[in-house]
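Summary of structural features
Given next are the chains, with one letter for each unit.
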Amino acid sequence: MICRVVNKITKEVKLKQFQNELKDLMQLLHELCDKLNIEYWAHYGTLLGAVRNKDIIPFDDDLDIGMTRSDYNILINNADIAKKFGLNYSYEDD
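Keep in mind that this is a model prediction, so the values were computed, not measured. (Residues numbered from 1 in each chain as written. Predicted model: local features only at pLDDT ≥ 70, side-chain atom pairs only at ≥ 80, totals over all residues. Heavy atoms only, no water.)

Here we take up unusual backbone geometry. Its identity as a non-glycine residue notwithstanding, Asn37 has a phi of 55°, on the positive side. Residue classification places Asn37 among the exposed residues on the basis of a relative accessible area of 65%. Although it is not a glycine, Lys54 sits at a positive phi angle of roughly 55°. You can see Lys54 is positioned in the loop between helix H2 (44–53) and strand E2 (65–66). (Buried < 20%, exposed > 50% of the residue type's maximum accessible area, 1.4 Å probe, protein only. Helix = DSSP H or I, 4+ residues; strand = E, 2+ residues; numbered from the N terminus.)

Spelled out as structure tokens, the structure:
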């Protein structure tokens, strides 16, 4: 039983650390989109957490962000600027 409690606490700490990294990532994405004049919005669990919890949902482990196709094209065509913000991403046209 003690092992399970420790394991649960460890998982919760790791999730919280990961969520803090997601917040940092969101800040970088916001700054990049601001620089490129890209409009974006939160949706799904990210929007729910922002409204209901004023934070990431306690069990969430991703960011749900939307933007128009034209703004998305601007984003993917500016990978060099994204790297200056510490962001790297890959794009597959499937």
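Having seen the model, we can carry on.
As for its placement among the helices and strands, Gln19 is situated in helix H1 (residues 2–35). The buried category is assigned to Gln19, whose relative accessible area is 3%. At a separation of 2.8 Å, a polar atom in the side chain of Gln19 contacts the main-chain carbonyl oxygen of Asp60. Apart from the residues within four sequence positions on either side, Gln19 is in contact with Ile56, Ile57, Pro58, Phe59 and Asp60. (Polar contact = N/O pair within 3.5 Å; in protein donor to acceptor, adjacent residues only side chain to side chain. Contact = heavy atoms within 4.5 Å.)

Let's shift gears to H2. Along an α-helix, residues three or four apart share an orientation, since each turn contains 3.6 residues. Buried within H2 are the following residues: Gly45, Thr46 and Gly49. Buried residues of H2, seen end-on, are gathered within an arc of 105° and therefore sit on one face of the element. Projecting away from the buried face of H2 at angles above 90 degrees are the exposed residues Tyr44, Val51 and Arg52. Here the buried face of H2 lies against strand E1 (41–42). (Arc of directions from axis to C-beta.)

Bringing the confidence of the model for the protein into the picture now. On average, residues of the protein score 83 in pLDDT, and 83% of them are at 70 or above. Segment residues 1–6 is flagged for pLDDT under 50; beyond a separation of four residues in sequence, or across chains, it makes zero contacts in the model. (pLDDT = per-residue confidence, 0-100.)

Time to look at the layout of surface pockets. A volume near 190 Å³ is recorded for the second largest pocket. As for the second largest pocket, its lining consists of 16 residues, of which Thr46, Ala50, Asp55, Ile56 and Leu63 are closest to the centre. Going through the elements one at a time, H1 and H2 are the ones with two or more residues in the lining of the second largest pocket. With four residues, H2 is the single largest residue contributor to the lining of the second largest pocket. Per-class residue counts for the lining of the second largest pocket are eight nonpolar, three polar and five charged. (1 Å grid on protein atoms, 1.4 Å probe; cavity = no way out; pocket = protein on both sides within 12 Å on 5 of 7 lines; lining within 4 Å. Points joined across faces, edges and corners; volume = space filled by probe spheres on them. Nonpolar A, V, L, I, M, F, W, Y, C, P; charged D, E, K, R; others polar.)

Moving on: the environment of Ile81. Its place among the elements puts Ile81 in helix H4 (residues 79–84). Owing to a relative accessible area of 18%, Ile81 belongs among the buried residues under this scheme. Once the C-alpha coordinates of Ile81 and Lys35 are considered, the two residues, 46 residues apart in sequence, prove to be 9.3 Å apart. Those residues in contact with Ile81 that sit more than four places away from it in its chain are Leu32, Lys35 and Leu36.

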